[in-house]
Amino acid sequence: MKRKTIKAEMWDKVQYIFKNYYDGMMHCAFEYEGIVDEDIMRKALKQVVDKIDVLHSSFVANPVNPYWVVNEDYTDADVLTVIEDDDFVAQIQKILTRRIDCRGKLQFEFTLLKGNGRSMLCFLINHMCFDGRDFISFGKTVCETYNGLKADPNYKAKVKTGSRSARQVYRDLPEDLAKQAKMLYKNVSRTNIKLKFPFEPDKETDKSHIMKVELEAEALEKAKIRGKKDGYTVNDIYLAAFFRAIVKFFKGVDGKTPTEITSMLDLRRYLKGNDTEGFTNLTSYMPCKLTEGAGDSFAETLGKVKAALKPHKENPLLGLAGLPLMAFAFQAFPFAISQLAVRIGYTNPLVGMSNIGVIKSEYIDLTGNKAIKAFMTGTVKFKPYMQVACTTFRGEATFTISERCSDKDLEVMRAFLEYMTSLIRDYGEEKI
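Residues numbered from 1 in each chain as written. Predicted model: local features only at pLDDT ≥ 70, side-chain atom pairs only at ≥ 80, totals over all residues. Heavy atoms only, no water.

Novice: I keep staring at unusual backbone geometry and nothing clicks. Help me out?
Specialist: Peptide bonds are trans in most cases, and residues, glycine excluded, mostly fall at negative phi. K383 connects to P384 through a cis peptide bond whose omega is 5 degrees. Its place among the elements puts P384 in the loop between β13 (381–382) and β14 (386–393). Of note in the backbone geometry, N274 takes a positive phi value of approximately 55 degrees without being a glycine. Here N274 is to be found in the loop between β9 (259–266) and β10 (283–290). When its relative accessible area of 38% is taken as the criterion, N274 is described as partly exposed. Of note in the backbone geometry, E430 takes a positive phi value of approximately 60 degrees without being a glycine. Mapping E430 onto the fold places it in the segment after α13 (407–428). Given a relative accessible area of 48%, E430 falls into the partly exposed group. (Helix = DSSP H or I, 4+ residues; strand = E, 2+ residues; numbered from the N terminus. Buried < 20%, exposed > 50% of the residue type's maximum accessible area, 1.4 Å probe, protein only.)

Structural data, given as structure tokens:
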């Protein structure tokens, strides 16, 4: 019997091509009061995974036209591993820094940690399957299904199963804007600013780490209030803190050195309902370039960030430039050749930020188990590339750098994130 196949979409291919820059995994952990029912969680996960074919597929990097082969020979036991251990911190590092082979049967690893009267649900998913926004949606769907099964053993998961195509981004645009967007062949990934995080050059002792620093809810709320009064968004404040940390930590950088941070941009803004038809990647880049440097104070940097982002925010087609060029490369050439074209033509950002967004407590609270902590991160980058990712849960922000690096690099990463969060805290306290 012929097995079902799925077309590899544009961002599936891009994530595959960029596998030498990062591990290609997304990571997530939800912590709960009490012990989560592992049998019901396993059933919930199986129901959801069953309906998202790409999660139980194997990627075939065909040199002409790559595709996914759907696997049906997996069981309830395959979808969830249960570990009992009181040391959640150590276990999370082990679980979430693993790497899934895209050629394997399943594109995920789900683990339920239990210990000290608490539970931790850990998700590791191949980024080729979908992006951070759909990662949040996936977690919400799993928790909704768990709660549904708690109330009714016959409950059936409600999962979106439509198109994964990146072309749906044009679907709801006015006709004139859609025509313009499809002609935006300019490559926006190229930059002449090549600043690098001060990693140790030696890679002999490198291994994957997730460095995490939290900003308490009260401090973030104060920063939001002051930002609103001063005319700045939370993202402006995060970027300003990031730029100030670059000035402090990057070698040879001062307030006059041209600097740039590339942010990930969710393109669902162009879709009615702000959601894709199926679980997929629908992202782009938004560079924030300070050509005359970040300045000499936090206030000055904030002003420069706002000015730099103003033309982007006023652009009705923000983030759509370059997508036609990438699509053309995959359509015009066999995959083996288009891989080379994308590697040559597109530049992976050396310094990036991904504000993944808010994980709402009502999305992930379980019947009988209140969620007390939650965070998500992007991929584990390889030197010299680095990215700061952020999620917010119950008003508390979690900043992470996921990196294959040494223990000494890890110390610098912690100091970097702690400095960033201290600036945000001081801004809210009106100390800077």
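Novice: Before we go on, may I ask you to explain the packing of helix α1 (residues 10–17) against helix α10 (residues 323–332) in this structure?
Specialist: Helix packing for two helices is described by the angle between their axes and how far apart those axes are. Where α1 contacts α10, the axes come no closer than 11 Å and their chain directions differ by 80 degrees. One finds that α1 runs roughly perpendicular with respect to α10. Across the interface between the two elements, M10, W11, K13, V14 and I17 from α1 touch L323, M326, A327 and F330 from α10. Residue classes in the contact of α1 with α10 are distributed as eight nonpolar, no polar and one charged. (Axes fitted to C-alpha atoms, helices over the stretch in contact; angles between N-to-C directions. Parallel < 35°, antiparallel > 145°, perpendicular 65-115°, else oblique. Contact = heavy atoms within 4.5 Å. Nonpolar A, V, L, I, M, F, W, Y, C, P; charged D, E, K, R; others polar.)

Novice: Even after reading the chapter, I still don't get the sheet that holds strand β12 (residues 371–377), so can you show me in this structure?
Specialist: In a beta sheet, neighbouring strands pair by backbone hydrogen bonds and run either parallel or antiparallel. Reading across from one edge, β5-β6-β7-β2-β12 is the order of the five strands in this open sheet, with mixed pairing throughout. Of all the strands in the sheet, the pair left with one neighbour each is β5 (81–84) and β12. Adjacent strand axes in the sheet meet at a mean angle of 15 degrees, parallel and antiparallel pairs treated alike. With nine bridges connecting them, strand β2 (residues 25–33) and strand β7 (residues 118–126) associate as antiparallel partners. By the bridge assignment for β7, Y32 is matched with S119. Across the sheet, helix α2 (residues 38–51) lies against β5, β6 (108–115) and β7, angled at about 165 degrees from β6, the strand it touches most. Along the sheet face, helix α5 (residues 132–151) touches β2, β6, β7 and β12 and points at about 35 degrees away from the line of β2. (Pairing = 2+ DSSP bridges.)

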